[in-house]
Amino acid sequence: MDIDSPTGDGTPADKTKTRRWRWAMLIVLGILIVAGIVYQSVTFLTQPVQTRRGRFGDAGGAQSVAVATIGRGDIRIVMNALGSVTPLTTVTVNTQISGLLMRVGFQEGQLVHKGQFLAQIDPRPYQIALEQDQAQLARDDATLKQAEMDLARYKTLADQTSIARQTYEDQAWVVKQDQGTVDYDKAQIKAQQLNLVYCHIVAPADGRVGLRLIDPGNYVQAATTSGIVVLTLLNPISVVFNVPEDSIPNILARVHAGAKLPVKAFDRANVTQLAVGEVASIDNEVDTTTGTVRLRANFDNAADTLFPSQFVNVVMLLDTQKDVVTVPIGAVQRGAPGTYVYVVAADNTVSVRTITVGAQDAGYYAVESGLKVGERVVTQGADRLREGAHVNIPPPPNAAGEPGNPAFGPEQGRHRHGGPGRGQGRGPGQGEGPYAAPGESDADAAARRERWRQRRRQQDQQTPPGQPLGAPPPVTPPPSGQPPPAPQPGP
């Protein structure tokens, strides 16, 4: 029997009816699905606003935001650049004469001082040459003395007109020639003595020697450029970095005013501070290919944290703006009005305020106009706000027993630029936070932290819809005629 036919005869008419019946069932099913979607959408849109809870809204329809109070503080004007560690002195120790390298007097990586012995060239050929020049000097000096004696005799005879005057004058020039020969011999002796000095190679400056470039036993020549060893001065050392040419007027104004520009060098990851120095010199021209000017900063480098040819991140403090109005970076928005913030009024409504910001430092902008000290601005949750919108400001975490940052001292979580910040106080009762109190043992602190976690979990479970998470549950008034319950001591 044909399963597609209700009667089982399998005729073409029955098959056509079966297909029509299937299409009708599919159409009805689709209509039901669309009707259900439409019903759910209409129900959601028509239900009261206070019954909906979104990701960013609370039961009252107001969006929960984080706010900060405008305060005053110091804003540092800094310049960031990429620099290269450059030694103040780098010398390739070369031989000034040719000869056999007999020995070296340093260890690789050794710290040497100016005048310290480094290498010895075989001095014997130059010693022999010195002795030859000395012998030549003795011979030429004897010839000079003989010519001088003849000149004295010729002078006497010339005065007596016993010889021709020309003979006497010729002898005088012979004496001068012999004197020149003697002077030349003396110069040759000095040259050979200097070669003997060059055979004894010493350090030309203080610094640290690197790896040896040639081994003893090799024949070195004065024309080679590789040298014997490279000597580098590490203490002090400098960093050369580039700044935009537009910044040069401000830098020169500070330098001409007698200010010292501090410079900090950080590692390549810009995390670890390596050394602190100051600007020493400015180049005399702009690099036309990059539009920058080179600056040199000197560092003491007593701990050898800077190494030659090392790339570092440079932070130069150009100036500090004292006691200016500051705003957190998270509060500053940019859009059609320009640069603006959401200012929270006393009735928890927000308004758009256009502001002018200046330098940026450590998460804050300097406010040039548009804000006053004490005003509140939205720092988080501003993506869905509009002019006149109501906002919900949850209490600080410490209001539910969460501690502030103990590193700030008695005023927990104090704003670094003078304004009040989140986290002031330590909770409903003294000593309820997770941090240890002064003089408290580790065991007591651990037990108190566990009690604090249990209390937070109970409060979160008892928080009704529409109430900020972590706030204490509402107190139910006792029945009439009964005294209020006594406060329960903490665990």
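Conventions we followed
- Residues numbered from 1 in each chain as written.
- Predicted model: local features only at pLDDT ≥ 70, side-chain atom pairs only at ≥ 80, totals over all residues.
- Heavy atoms only, no water.
- Helix = DSSP H or I, 4+ residues; strand = E, 2+ residues; numbered from the N terminus.
- Contact = heavy atoms within 4.5 Å.
- Pairing = 2+ DSSP bridges.
- Expected span 1.5 Å × (residues − 1).
- Buried < 20%, exposed > 50% of the residue type's maximum accessible area, 1.4 Å probe, protein only.
- Patch = residues over 30% accessible without salt bridge, like charges linked within 9 Å, V, L, I, M, F, W, Y side chains within 5 Å.
- Areas by Shrake-Rupley, 256 points an atom, 1.4 Å probe, with all protein chains shown as cover.
- Salt bridge = Lys/Arg side-chain N within 4 Å of Asp/Glu carboxyl O.
- Lys, Arg positive; Asp, Glu negative; His and termini not counted.
- Charge placed at Lys NZ, Arg CZ, Asp CG, Glu CD.

**Some details on the side chain of D185**
Relative to the helices and strands, D185 is located in helix α3 (residues 165–198). Residues contacting D185, with those up to four places away along its chain left out, are Q136, L137 and D140.

**Focus: the sheet that holds strand β4 (residues 90–93)**
Pairing within the open sheet is antiparallel, and its four strands lie in the order β4-β11-β9-β6. Either end of the sheet is taken by a strand with one partner, and the two such strands are β4 and β6 (111–112).

**Section: the pairing of strand β20 (residues 356–361)**
With four bridges connecting them, β20 and strand β21 (residues 364–369) associate as antiparallel partners. Note that in β21 the partner of Q360 across the bridge is Y365. Count of turn residues in the β20/β21 antiparallel hairpin: two residues, of which A362 carries a positive phi of about 55°.

**A closer look at the sheet that holds strand β10 (residues 219–220)**
Note: strands within a sheet are paired through backbone hydrogen bonds, in either parallel or antiparallel orientation. Read from one edge of the open sheet, four strands run β8-β7-β5-β10, paired in antiparallel fashion. Each edge of the sheet is formed by a strand with only one pairing partner; in this case those strands are β8 (200–202) and β10.

**Re helix α2 (residues 124–159)**
Each full turn of the α-helix corresponds to 3.6 residues, which orients residues three or four apart in the same direction. Here α2 spans 53 Å end to end across 36 residues, near enough to the 52 Å set by a 1.5 Å rise per residue. Every buried residue belonging to α2 is among Y126, A129, L130, D133, L137, D140, L144, A147, L151 and A158, and all of these are buried. Residues of α2 that are buried make contact with α3. Remark: T161 follows α2 within two positions and exhibits a positive phi of approximately 55°.

**With respect to a positive patch on the surface**
Positive charge collects at one region of the surface, where K15, K17, R19 and R20 lie side by side. Along the polypeptide, R20 turns up in helix α1 (residues 12–46). Among the residues examined, R20 registers a relative accessible area of 62% and is labelled exposed.

**A look at the pattern of salt bridges**
Under the criterion given, the structure shown has ten salt bridges. Residue D122 pairs with R124 through a salt bridge whose shortest N-O separation is 3.0 Å. Assessed through its relative accessible area of 10%, D122 is described here as buried. Two residues, D304 and R208, come together in a salt bridge whose shortest N-O distance is 3.6 Å.

Remember that the coordinates give geometry; whether it matters functionally is a separate question.
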